[in-house]
2 protein chains.
Amino acid sequence: MAKQKKAPRPKAQTPKGFRDYFGAEVTQRTEMLQAIAGVYHHYGFEALESAGVETVEALGKFLPDVDRPNEGVFAWQEFDEKNNGDWLALRYDLTAPLARVYAQHRNDLPIPYRRYAMGPVWRNEKPGPGRYRQFYQCDADTVGSASMAADAEICAMLSDTLEAVGIARGDYLVRVNNRKVLNGVLEAMGLAEGDGARDNVLRTIDKFDKVGEAGVRQLLTKGRLDASGAYIDGVGLSDEQAEPVIAFLTSKAADAAGTLANLRAAVGDSKVGAEGIAELEQIGELLAAGGYGPDRIEIDPSVVRGLGYYTGPVYEAELTFEILDDKGRKRQFGSVAGGGRYDDLVKRFTGQEVPATGVSIGVDRLLAALREKGRITAEVSGPVVVTVMDKTRMADYQAMVAELRNAGIRAEVYLGNPKNFGNQLKYADKRNSPIAVIEGGDEKDKGVVQIKDLILGAKIAENATLEEWKARPSQFEVPRDQLVARVREILDGQG
Amino acid sequence: MAKQKKAPRPKAQTPKGFRDYFGAEVTQRTEMLQAIAGVYHHYGFEALESAGVETVEALGKFLPDVDRPNEGVFAWQEFDEKNNGDWLALRYDLTAPLARVYAQHRNDLPIPYRRYAMGPVWRNEKPGPGRYRQFYQCDADTVGSASMAADAEICAMLSDTLEAVGIARGDYLVRVNNRKVLNGVLEAMGLAEGDGARDNVLRTIDKFDKVGEAGVRQLLTKGRLDASGAYIDGVGLSDEQAEPVIAFLTSKAADAAGTLANLRAAVGDSKVGAEGIAELEQIGELLAAGGYGPDRIEIDPSVVRGLGYYTGPVYEAELTFEILDDKGRKRQFGSVAGGGRYDDLVKRFTGQEVPATGVSIGVDRLLAALREKGRITAEVSGPVVVTVMDKTRMADYQAMVAELRNAGIRAEVYLGNPKNFGNQLKYADKRNSPIAVIEGGDEKDKGVVQIKDLILGAKIAENATLEEWKARPSQFEVPRDQLVARVREILDGQG
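Cut-off values and rules
Residues numbered from 1 in each chain as written. Chains lettered and ligands numbered in written order. Predicted model: local features only at pLDDT ≥ 70, side-chain atom pairs only at ≥ 80, totals over all residues. Heavy atoms only, no water. UniProt positions renumbered as here; feature names shortened; annotations may be inferred. Helix = DSSP H or I, 4+ residues; strand = E, 2+ residues; numbered from the N terminus. Rg over C-alpha atoms; globule rule 2.2 N^0.38 Å. Buried < 20%, exposed > 50% of the residue type's maximum accessible area, 1.4 Å probe, protein only. Contact = heavy atoms within 4.5 Å. Areas by Shrake-Rupley, 256 points an atom, 1.4 Å probe, with all protein chains shown as cover. Lys, Arg positive; Asp, Glu negative; His and termini not counted. Charge placed at Lys NZ, Arg CZ, Asp CG, Glu CD. Least-squares fit on C-alpha atoms with pLDDT ≥ 70 in both. Salt bridge = Lys/Arg side-chain N within 4 Å of Asp/Glu carboxyl O. Disulfide = S-S within 2.5 Å. Axes fitted to C-alpha atoms, helices over the stretch in contact; angles between N-to-C directions. Parallel < 35°, antiparallel > 145°, perpendicular 65-115°, else oblique. Left-handed = near helix turned anticlockwise from the far one by under 90°. Nonpolar A, V, L, I, M, F, W, Y, C, P; charged D, E, K, R; others polar. Domains from an automatic or database assignment. pLDDT = per-residue confidence, 0-100. Pairing = 2+ DSSP bridges. Polar contact = N/O pair within 3.5 Å; in protein donor to acceptor, adjacent residues only side chain to side chain. Phe/Tyr/Trp six-rings, centres within 6.5 Å; stacked < 30°, edge-to-face > 60°. Lys NZ or Arg CZ within 6 Å of the ring centre and 35° of its normal.

- Named according to an unreviewed UniProt entry, chain A is Histidine--tRNA ligase originating from Parasedimentitalea psychrophila.
- In its Catalytic activity (unreviewed entry) section, the UniProt record describing chain A reads: "tRNA(His) + L-histidine + ATP = L-histidyl-tRNA(His) + AMP + diphosphate + H(+)".
- Quoted verbatim from the Subcellular location (unreviewed entry) heading of the UniProt record, the comment on chain A is "Cytoplasm".

### So, the overall build of chain A
Inference 1: Summing up its helical and strand segments, chain A has 18 helices and 19 strands in all.
Inference 2: For 495 residues, the compact-globule formula gives about 23 Å, and the C-alpha radius of gyration of chain A, at 30 Å, lies well above that figure.
Inference 3: Across the 495 residues in chain A, those meeting the buried criterion constitute 52%.
Inference 4: Expressed as a percentage of contacts within chain A between residues at least 6 apart in sequence, the contacts between residues at least 24 apart total 66%.
Inference 5: Surface accessibility of chain A: about 22,800 Å² in total, with carbon and sulfur atoms responsible for 49%.
Inference 6: Looking at charge distribution, chain A has the averaged site of its 64 positive side-chain charges lying 7 Å from that of its 73 negative ones.

### Describing the relation of the copies chain A and chain B
Inference 1: Mapping chain A onto chain B calls for a rotation angle of 180° and an axial translation of 0.0 Å; the resulting RMSD is 0.1 Å. When the rotation and shift are considered jointly, the pair of chain copies conforms to a two-fold rotation axis. No C-alpha of chain A approaches the rotation axis more nearly than that of A:Trp76, which lies at 2.8 Å.
Inference 2: Interface overlap between copies is the fraction of interface residues in one copy that are interface residues in the other; for chain A against chain B it reaches 100%, indicating a shared surface.

### Points about the pattern of salt bridges
Inference 1: Applying the stated criterion across every chain yields a total of 72 salt bridges over all chains.
Inference 2: One salt bridge connects A:Arg296 with A:Asp160, and the closest N-O pair in it is separated by 3.9 Å. Remark: A:Asp160 occurs in helix H4 (residues 148-164) and A:Arg296 occurs in the loop between helix H10 (271-289) and strand S11 (297-299); sequence separation between them is 136 residues. Side by side, A:Arg296 and A:Asp160 carry an identical accessibility label, which is buried.
Inference 3: Look at the salt bridges and you will find they share partners, linking A:Glu46, A:Arg114, A:Glu153, B:Arg405, B:Arg410, B:Glu412 and B:Arg431 into a network.

### Some words on the state of the cysteines
Residue and element names in this part refer to chain A.
Inference 1: Throughout the structure, instances matching the rule amount to zero disulfides over all chains.
Inference 2: Take cysteine 155: it sits in no disulfide, and the sulfur closest to it among the cysteines is that of cysteine 138, at 16 Å.
Inference 3: Among the residues examined, cysteine 155 registers a relative accessible area of 0% and is labelled buried.

### Examining the packing of helix H7 (residues 208-220) of chain B against helix H8 (residues 239-249) of chain B
Residue and element names in this part refer to chain B.
Inference 1: Relative orientation of the contacting elements H7 and H8 amounts to 160°, with a least axis distance of 9 Å. What the angle tells us is that H7 and H8 run roughly antiparallel. Note that H7 runs across H8; the crossing there is left-handed. Contact residues: Phe208, Glu213, Val216, Arg217 and Leu220 in H7; Ala242, Glu243, Val245, Ile246 and Leu249 in H8.
Inference 2: When its residues are assigned to classes, the contact of H7 with H8 shows seven nonpolar, no polar and three charged.

### Quick notes on the domain arrangement of chain A
Inference 1: Domain assignment breaks chain A into domain 1 (24-52 + 91-189 + 237-372) and domain 2 (384-494).
Inference 2: Put simply, the middle of domain 1 of chain A and the middle of domain 2 of chain A, counted by C-alpha atoms, are 51 Å apart.

### Description of the confidence of the model for chain A
Inference 1: Of all residues in chain A, 94% attain a pLDDT of 70 or more, and the chain-wide mean is 89.
Inference 2: Averaged pLDDT values for the elements of chain A fall to 65 in helix H17 (residues 466-471) of chain A and rise to 98 in strand S2 (residues 46-49) of chain A.

### Quick word on the sheet that holds S11(A)
Inference 1: The strand order across the open sheet built from nine strands is S11(A)-S8(A)-S12(A)-S13(A)-S14(A)-S7(A)-S6(A)-S2(A)-S1(B), with neighbouring strands paired in mixed fashion. Bordering the open sheet on either side are S11 of chain A together with strand S1 (21-22) of chain B, each of which pairs with just one other strand.
Inference 2: With nine bridges connecting them, strand S12 (residues 313-324) of chain A and strand S13 (residues 330-342) of chain A associate as antiparallel partners. Across the sheet, A:Ala317 pairs through a bridge with A:Ala337, a residue of S13(A).
Inference 3: Its contacts with the sheet put H10(A) on strand S8 (172-178), S11 and S12 of chain A, and the angle it makes with S8(A) is roughly 145°.

### Re the interface of chain A and chain B
Inference 1: Counting residues at the interface gives 100 residues for chain A, matched by 100 residues for chain B.
Inference 2: Applying the counting criterion to the chain A and chain B interface returns 14 salt bridges.
Inference 3: A salt bridge links B:Arg29 to A:Glu49; its shortest N-O distance comes to 3.5 Å.
Inference 4: One can count 50 residue pairs in polar contact (both at pLDDT 80 or more) joining chain A with chain B.
Inference 5: Looking at which element gives the most residues to the side of chain A that touches chain B, the answer is helix H1 (residues 24-42) of chain A, with seven residues.
Inference 6: Summarising the sheet, S2(A) and S1(B) pair through two bridges and their orientation is antiparallel. Bridging across to S1(B), A:Leu48 finds its partner in B:Phe22.

### A closer look at the UniProt feature "binding site: L-histidine" (unreviewed entry) in chain A
Residue and element names in this part refer to chain A.
Inference 1: Within this numbering scheme, the UniProt entry marks Asp93, Leu94, Thr95, Arg123, Gln137, Asp141, Arg305, Tyr309 and Tyr310 as carrying the feature "binding site: L-histidine" (unreviewed entry).
Inference 2: Within the secondary structure, glutamine 137 sits in strand S7 (residues 134-143).
Inference 3: Here glutamine 137 falls in the buried class, since its relative accessible area comes to 11%.
Inference 4: If near-sequence neighbours (up to four positions away) are discounted, glutamine 137 is found in contact with Asp93, Leu94, Ala117, Met118, Gly119, Val121, Arg123, Ser360 and Ile361.
Inference 5: A polar contact is formed between the side chain of glutamine 137 and the backbone nitrogen of leucine 94, at a distance of 3.5 Å.
Inference 6: You can see tyrosine 310 is positioned in the loop between S11 and S12.

### Remarks on the packing of helix H9 (residues 256-267) of chain B against helix H10 (residues 271-289) of chain B
Residue and element names in this part refer to chain B.
Inference 1: Where H9 contacts H10, the axes come no closer than 9 Å and their chain directions differ by 170°. Taken together, the axes of H9 and H10 are roughly antiparallel relative to one another. Seen from H9, the contacting residues are Leu260, Leu263, Arg264 and Val267; seen from H10, they are Gly273, Ala274, Ile277, Leu280 and Glu281.
Inference 2: Looking at the contact of H9 with H10, its residues break down into six nonpolar, one polar and two charged.

### Here's the deal with the packing of aromatic side chains
Two descriptors summarise a pair of aromatic rings, namely the distance from one centre to the other and the angle between the planes of the rings.
Inference 1: All told, the structure shown has twelve aromatic pairs over all chains when counted by the stated rule.
Inference 2: Taken together, a centroid distance of 6.0 Å and an interplanar angle of 40° make the contact between A:Phe18 and A:Phe74 tilted. Within this pair, whereas A:Phe18 is found in the segment before strand S1 (21-22), its partner A:Phe74 is found in the loop between helix H2 (56-59) and strand S4 (75-77), the two being separated by 56 residues in sequence.
Inference 3: With centroids separated by 5.0 Å and ring planes inclined at 10°, the aromatic side chains of A:Trp76 and B:Trp76 adopt a geometry described as stacked. One end of the pair, A:Trp76, is in strand S4; the other, B:Trp76, is in strand S4 (residues 75-77), on a second chain.
Inference 4: Residue classification places B:Trp76 among the buried positions, given a relative accessible area of 3%.
Inference 5: Here the aromatic residues A:Phe18, A:Phe74, A:Trp76, B:Phe18, B:Phe74 and B:Trp76 are joined through ring pairs into a cluster of three or more.
Inference 6: When the ring centre of A:Tyr21 is taken as origin, the NZ or CZ atom of A:Arg29, which lies over that ring, is 4.4 Å away.

So, in structure tokens, the structure goes:
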């Protein structure tokens, strides 16, 4: 008889670009999300949770295409006899769903609508080191208000949020700019909207952080040699034409009044530029009234995020402390949140322009920052482990565990094969257990249990002299009825 | 010139079978998940969060098919030049990903591995009223332990969890059964594994809740007329053959010992049946040792969930209080959680059988139950709203809001167009605001603000006589520097 061919076993692997999160990775993120939600809620924002799946039509931007329907997003077509089903996709951010929700429910929502949302989003991109295709976002937006008070409020809230999750004042800065000021600068240069040179100028401005003032000046005019020796063509402006851009990028002064004066010079008599400066001034006043000084929030013209997307104020939260990079070099931790004003997302659905402004916090980056600063540790204490010396007495061990749990102590009984006691201690070690409880036949007869302080044991094993070892045994016997009291004593001592 | 045709506007709609959750719907679910996670963690379970996306290969069960790749799941193929990319899918539960995680990381995990997971899962099913294609699951499983202590622990934990989220003792019951007992019954009937009649018997057992003892007896033998008058064919057993099934289904006695004795009679000399009864006995002893009596957890042979899936103990949590259904009839609320032992999920990947047992809580049903019982209310108080009487004085209003927030009071400034004051009060109403704060030019000059108690105002508007109205005004003037103190006083009073 021919041997039947078995189906090959499936591979036990996450899809490329996805990962699993374990234990403290999950609970610390959850705690951070809850802390952030607490501040958002305190500011009057309401929770919103939409599904991970939207119609491609509602998401916009990425439209299905016969050859490659899922460019940038994960998309698929609903089954339908006539092959005519809707295209669905996983959301790639929380803003596009907000626009859909607002358009769909606008008759029932309070307007202006302040909402926060947190959850995973998906990007169909090539994964890279530390770059995943599913990650968390944590957003707050105000839809339906054109007031600068909405933008100022979000900046203040961002500052409060960072402090609430454990970033100390002085370790961060919320930096505010305005897209209209930049548009004013371009106008002052004689570059109208639609002028091809304009895009080139914007792209060059984006490189300011990397190449500095002199580099930008070269790139705006004749071009420059980059670090690799390649020649980068310039935009071809004259030195005079390039001047307003340089003035704009270097306009940050010792205080807000000085910065605003420099910006006024940079935009010349551009109307939109003046409007942008007036908006920045207003935001500054509102923040000052709320007690948010330049130690927390400042005007900084070098913030130029999301060039195409934002229409007014833009803001960014940066962590200002230094960390060591992979190669041991010091660098600033950098941006952990950003946002700004966008006015035409809802218009796609309703035809009416609806002003909106909002912020998105990069939760995973913020967690990484707190780990860097030692504010949270990845190692977390595990449960007390009650070992099993005699598997026919499982009920006794279960009773101990129940007592410990009822006393508020995290505890568990060993559930593996109890034959090899060494394996039970190895298990306790892998669980980061602070204490193991042991009750064999002898102990049972004497009415006692053994308590093994695993933290102290580990310390002694590492450092102690023989005398210390003898003087401070890490394992001792206690009467059975003192189990809970003594375990608590040790846990408190381990603090 | 021909008019340019505009692209039609996208529809602002969730895809069919998906919905949005607002405000308290979101925060109450989050709180419940946190309460559940707290109990799971206390029992020594560790958090695990896997991605929403898995390879179809790893999920198993649903394999891609050229005609309809996404039967039951949402699935799509990864892009690849040769059209050879992996098939990916949204997870349909949290157990299949657990099996994949365990197989992938088994060398690094503590074994037995106790883990909990909570999050959305997706089903590509026809949506119906109250049936969505994305919903939450909240699972705890122990992988790698064959001990009945693992099953007993999960039943105890389920009981603690229900009490932790607000279901009082007496309002729920965790019912335990064992698939092996049922297999023993079938063996006693002379129906071997693979016998076609066996499946028919199983399907009939599942109808016990609906048709009762007499109905099951009819269905096992000659058949019966159902309520609509249609004749349902019977399985064709003789009355004697049907007896063990009836004995099994009606074996519940006044106490566990009685039930077990009845079950022993039902399984006759079936070895697997005896094994199942011994397991039930063991679970009962372990639970008793932990203090979990039949007021919380009981053996109940009528629990027959997931006939194909489970291999040993099965358990279910039922809410025992009555609610009124759509038509005003009383009925029991029913099941909110269930689970059991399953032993071959990991084997698919590794070839080795790995024993596992676990539970899944239906979070949305549990929330619905708490709302039914009035333990949580959908209406939640909104923020204090500071109104805008003079939009040039926004900084003053912002300062008030900052003061309130710094004092721990949830507050916001009105961010809409302030022209029409009535709209501001309507907004406050829609926000469920307890208090509105008003400061016009007169108040500003006098150094006072108006505080409007919106809760009292609504009560007065409903009930009060003219005298009461005069005696207890819902709006009054307070000195500006007493704003925070007076607002707090009113909020405490509204409590």
